[in-house]
Amino acid sequence: MGKEIELAGADVGLVILYQSSDTHFLMIWQTTKIKKRLPAPELGARQGGREQSGEREECVNCSPYRYASSEIQQTHPDVSEQTERQTDRQFIPTCADGSVTISSSAAAVPEGSSLTLTCTYTGNDQLFVIKWTNNGNNLEHKYDIIISQPEPCSIFGKPGLNETLFTYTCLTLTFLNVTRDYQNDNFTCQANLNLNSGNSVIVSVSVPISTVVLISPTYSNATVNAGSSKNFTCCTSGGLPQPTVEWYKTSSSSCTRNGVKIINSISSSPSESNGLIQVESTLLFTASSLDNNLWICCAASNTNSQWKLSGTKLLDVRYPPPNPPVIDDFNTITDYQMIENSTERLTCRSTGGNPLASLTWSCYNGIESNPNFNGGSVSRTVQFTARRNQDNTCTCTATHEAGPLQQAILNVNIMYPPSTPEFKVDGTPVGTAISITKDSAQTVTCHSFGKPNPSTNDFIWTKGSSVVSLNSVLNWTGGIRIQDGGSFKCIVTTTMTPSDSSKTPTTTEVSSDVIMDVLYAPSTPEIRMHTLSGDVITDQIMVVTNRQFELACQATAHPTASYSWTGGIRTEHTQILQDTITTKINTSRTCLAHNVLKPSVGFEQTPSSSASIGVYINYPPGPVTVRHTIGNGNIVLSKFNIMERANLKLFCDSQSNPSSAFSWIGSNILQTGSVLLRNNISRSEKGHLSCTARNTMTHMDQLMEGVSSANMTLNVLYSPRLHELHRLNAMECEHLTLKCEYEPGNPTETTVVIARLSDRIAWTERTHFIPSLKRSDAGMYSCTVRNVMKPTGQQNEIVGEDTGIFQINVWYNTSVSKFGLISHPDAINVTVDENATLNFFCEVDSNPNATIIFGRSHRLQENVTLKRSDGFLHLAFDVQQAGCLDTASYYCLGYNNYTEIETAPKKQMNVYVRCSPRASGYQWESNVTGATGSNATFSFEVVAYPVPNKGGYVWHKWNGTTYSQLHNSDKYTVNNAGVSTTFTIIAIEKEDFSTYLLTVSNGIYPDFNKIFYLSPQDVPLCPTGLTLCATTSSSATIEWISHFNGGLKQTFIVLYKMTERSEYLVLTADEIDQKIKYEIILTGLNDGSTYEVILYSRNEKGNCKQNTSLQFDTEVLVESSPGTTGSIVGGTTGGIVAAIILVIVVVFVLKRKYNFDCLCSFRLSRKDLHHDANTDNGIDTQGADTRGYNATQTYEDISMVTDKSPYAALDNGDNGLDNVHVYTPLDAHGSKTHVSYENVIDDPVYNNTVLNNPIQSVL
């Protein structure tokens, strides 16, 4: 019967499992002792009902346990009977070791999903079986599943669940499709059939709800009064677990859990249907006014993340306005001010409430407008009018279905202007004319009434334009004064300010006039001159005898006063007094004034007052007397003689009242005072002299002058005076006239004497003539003039005399007296060694001092001025170390103002400096290029003394190892003449491109050597050193360094543009001979812009191989000027046209003038190349380039003489000043700047050349 037997061994025992199609056996033999407490309390129930309590007893020699047939029957009913018969073969240990735990893959599993249970065993026993038990939900749905161990695990027996509904592993059990029937199933697991899990897993199946519906109320709007309650009901669909329902208030018609959650007055009723739970939730909602227009909804969920939202119900909450109505613009006042008969408008407004309140007006039977609804408020306007004395109230009433009546009340006050003012004096009504006595303390009061009633501060008293009182009472502190009388005005001003600010306040002003007539007694009279408008006399007057005068008397009084005069022969009853005084005695006059006062209230009075003045008498001066020496000395008559520079003193006197003032008037004399005192009197003061006595008399208010005079003649005596004597200058052999010019004295009779001081010869005439002037006539001379004077009062005559000295200066021509070298003072031709010191000297005889010129002459530069001294008689010049170039003819000439420059006297001498050959200073090219088949010529010039002969020039060619000498032949031509040599290679062949050596000798060590190169023509080397020198807002200056031109004339091309543009503007410049550094100014640029510049060169062979570039920014203008130069021509066509025009202008200018200051601001600066002579015995390589830099430039020769010795100038002789030239370098710009020469030639001599094609543009 047995089909399969499995035997498994372990340290703890032996397990035998037998399994066939109809029989299941499980046998266990336990061979080890177990000394461990059994933790599972329920195990005893499975082991024959043995009790397990407290501490478990230890089991030694465990006895077998029979598997109860009831347990087999439960799990395997088909084999229970057979198992029962075989129980004596099955054994289970009575105790076990370890623990068992069951766990679930999810606390809640959605319906239709899978659920995995895991059984975990920890212990020392061999695991041979796992039993899964579903204890069911309540009494149903119970079964077991047994999984045999170890791997591979399998189901033992027939499981209690369809095997298609689950899967398993050794320790896991997975349900594939969990349905709601699994809800609350209670699962446990058991290890080895004797160790149960210490916990269980209860299955929780989740079935999400599908909907939640707001079923009550049924209408879309829920109407409720504020403070009342209303039920809302929501119902969910069925689900597991039981759904949770929440209530919300939202501000929109879409339900959201972001609204306000409602937590009070909520009840829920769950119910079960088809195994699912549905919930009906009821909300008892108590509304407030703030809930109006909000929405009510509910949300339900029975899962953590899935919420279902219901529809919404709009809340229509009915509530009255929260506040009583208000009257617009006047809600803060209780009294409303209006002007009589005006039309008023009041608007009542009620805000809030649902619905809005109804408004009505009770206001002077006014006209009410229709209600105006605006948002959350309603308003209604009433229009009314009212007259004075009709003050009343205006009431606005608001009614609402959900509340009591509400009102707004406004008291209406009707205003009107004040009445015309009336007057009272001390409480008694008066008219508009009031008489008051001066100093009275009476007051005047102004009265008026209106609404608002004028207050005391609403009154203003004015007099003219002045305010005299700011209240209703007019009074005068200390009593009324005279000036207080006149016309007064009482002004009452009130302002009616309506409560309606849109209406302009009305200011009303009313007034009445009143006349104040002030009565007063005569004041102290004022006595005036001539008329009542004359000047006031305060004390006294002055009058001139026998002249009429008038006096006027005036006193201030009301009514007008009457007048009378006393103090004369009789009393005069008149206001103006006319009087004449004939005596010289002082007197006085008195005026009396009185009037009658009749005040409106009071007694009649007759007051009076008087005033007096003194009268003083004036008279003019009498006859004037003049005396000299002392106050009572002799009287001066018609004439007074006095010596010049003597002191004069005279006295003058006369009688008058007031006292006289004296003045003296004469020639250049103007003095005041009775005594004339003149110190050191001058001739300008002779002539008429008078003394005048004057006094100023006062007749009333007029000034009158009294005058009396005495006249005489003042005669001032003085000697003659010579005019300024000057030095007389004249040329030798000219005639000369000597004159003694003088100013005559007083008296004018004069004698004149001219004398020569050297020999005391004198001539007694005013002029002396010298027919032919000689140098011996030069010297000092004197001139003397005399006259005879006799002052008044003196017995002896006085002789006046003046003497002066002058000089005669004789001019003559310049002559050169000495010239030469200090070492050879008398030699004309001098030969010296190189580096010797030359000390030149030159002396001249000349009056005036001469201009001395020391210079030199030779072929290179004729008549070069080396030193010039102006205003001297001698000159010295030193050459510290004489060199080859100091071989020359030297000269000294002198001239002054009287010497013709063309015939200026001159001496000269020749100096020869012995020296070895060296370069002359001309810019001879060491690098020559040529084309095969053409000719090439090397030229060179030296400086040497003695001059080399023809055999002194030897040309060599480098043959690869050494230099070999060349001679005249069909291939080579050598031409030696004086200090120059030329070497020509005829019909150039490839092997002729080599290095050549020139050796020059003149018998003086060392010989001179120079290297030359012949190279084939090529493209030029590109310029380098492109640099930005300066920028402005509209221009930029750039410069560069030129290099070898490849043997052909090269052209420089400058391209520039703004970075954001695509077209370049073009400038070109042809090469200038011997020039290295070039500079150009780019104009017409835009400010604040970035420009790119590209530079390269080209010749007939093509472009150079590597251009150069730079980028720069122009400056930013602070303020653009109106006439800013136009921007760069846009586009390719515009750029080409502008460049062509620029080229035409530049070429035209350059053909007219050999400089480069062209219209495009193209400026080229010449940097001269200096070839220094090599004084060592070596090879002159100055200017020679490397084999990769074969420089040459082409020139057009103009009348250049090359066969003339530099010493030929010594044979020129004396050519005068025509051969005098400033010793300066030849400059490309024609500079005439003088260069100081001290035995050093700072600049070389250049070949006379002009540029071929000075500039051309390549576009």
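The structure presented is a predicted model; accordingly, all values stated were derived computationally and were not measured.

1. Here we look at the side chain of Asn-354
Next, step 1: As for its position among the elements, Asn-354 is in the loop between strand 28 (343-351) and strand 29 (358-362).
Next, step 2: Other than its neighbours up to four places away in sequence, Asn-354 contacts Asn-292, Asp-316, Val-317, Arg-318, Tyr-319 and His-400.

2. A look at the nonpolar core
Nonpolar side chains tend toward joint burial in soluble globular proteins.
Next, step 1: Judged by nonpolar contacts, the single largest core of 29 residues is most densely connected at Leu-117, Trp-132, Ile-145, Phe-175 and Tyr-182.
Next, step 2: Looking at this core, the elements with two or more residues in it are strand 4 (99-104), strand 6 (115-122), strand 7 (129-134), strand 8 (143-148), strand 11 (172-175) and strand 12 (186-191).
Next, step 3: Tallying contributions element by element places strand 6 first for this core, with four residues.
Next, step 4: In this structure, Tyr-182 is in contact with Tyr-143, Leu-161, Phe-175, Asn-177, Val-203 and Val-205, ignoring residues within four places of it in sequence.
Next, step 5: The next biggest cluster of nonpolar side chains, apart from the first, holds 24 residues, and it includes Val-832, Phe-877, Ala-882 and Val-913.

3. Details of the sheet that holds strand 22 (residues 276-286)
Next, step 1: The strand order 16-18-22-21 describes an open sheet built from four strands, whose pairing is antiparallel. A single partner strand is all that each edge strand has here, and the edge strands are strand 16 (212-216) and strand 21 (266-273). The mean angle between the axes of side-by-side strands here comes to 25 degrees, regardless of whether they run parallel or antiparallel.
Next, step 2: Of the strand pairs in this sheet, strand 21 and strand 22 are connected by eight bridges, and their pairing is antiparallel. Within strand 22, the residue paired with Pro-270 across the bridge is Val-279.

4. Description of the packing of aromatic side chains
A ring pair, where both rings are aromatic, is described by two values, the distance of the centres and the angle of the planes.
Next, step 1: Applying the stated criterion across every chain yields a total of 31 aromatic pairs.
Next, step 2: Taking the centre distance of 5.6 Å and the plane angle of 40 degrees together, the rings of Phe-938 and Tyr-996 count as tilted. Here Tyr-996 lies in strand 82 (residues 995-1000) and Phe-938 lies in strand 77 (residues 936-945), a separation of 58 residues in the sequence. The pair Phe-938 / Tyr-996 is uniform in exposure class, with both members buried.
Next, step 3: On the basis of an interplanar angle of 20 degrees and a centroid distance of 5.6 Å, the ring pair of Tyr-972 and Phe-983 is categorised as stacked. Here the residue Tyr-972 occupies a position in strand 80 (residues 972-977), and Phe-983 occupies one in strand 81 (residues 980-985), the gap between them amounting to 11 residues.

5. Considering the state of the cysteines
Next, step 1: Taken as a whole and judged by the stated rule, the model has 13 disulfides.
Next, step 2: Put simply, Cys-446 and Cys-490 are joined by a disulfide, and their sulfur atoms are 2.0 Å apart. On the sign convention where negative means left-handed, the S-S torsion of about -100 degrees between Cys-446 and Cys-490 marks this disulfide as left-handed. With Cys-446 in strand 38 (residues 444-447) and Cys-490 in strand 42 (residues 486-496), this pair connects stretches of sequence that are 44 residues apart. Cys-490 shares its class with Cys-446; the two are buried.
Next, step 3: A sulfur-sulfur separation of 1.9 Å characterises the disulfide bridge that pairs Cys-652 with Cys-691. An S-S torsion of about -110 degrees defines the bridge between Cys-652 and Cys-691 as left-handed. Linking Cys-652 in strand 54 (residues 648-653) with Cys-691 in strand 58 (residues 687-699), this pair joins segments that are 39 residues apart in sequence. An identical accessibility class is assigned to Cys-652 and Cys-691; each is buried.
Next, step 4: With no disulfide of its own, Cys-235 lies 8.6 Å from the sulfur of Cys-234, the closest cysteine sulfur.

6. Regarding the environment of Gly-353
Next, step 1: Examined against the element boundaries, Gly-353 turns out to sit in the loop between strand 28 and strand 29.
Next, step 2: Separated by 23 residues in the primary sequence, Gly-353 and Gly-376 place their C-alpha atoms 7.9 Å from one another.
Next, step 3: With near-sequence residues (within four places) excluded, Gly-353 lies in contact with Tyr-319, Pro-320, Pro-321, Pro-322 and His-400.

Cut-offs used in this document
Residues numbered from 1 in each chain as written. Predicted model: local features only at pLDDT ≥ 70, side-chain atom pairs only at ≥ 80, totals over all residues. Heavy atoms only, no water. Helix = DSSP H or I, 4+ residues; strand = E, 2+ residues; numbered from the N terminus. Contact = heavy atoms within 4.5 Å. Core = buried A, V, L, I, M, F, W, Y, C linked by side-chain atoms within 4.5 Å. Buried < 20%, exposed > 50% of the residue type's maximum accessible area, 1.4 Å probe, protein only. Pairing = 2+ DSSP bridges. Axes fitted to C-alpha atoms, helices over the stretch in contact; angles between N-to-C directions. Phe/Tyr/Trp six-rings, centres within 6.5 Å; stacked < 30°, edge-to-face > 60°. Disulfide = S-S within 2.5 Å.

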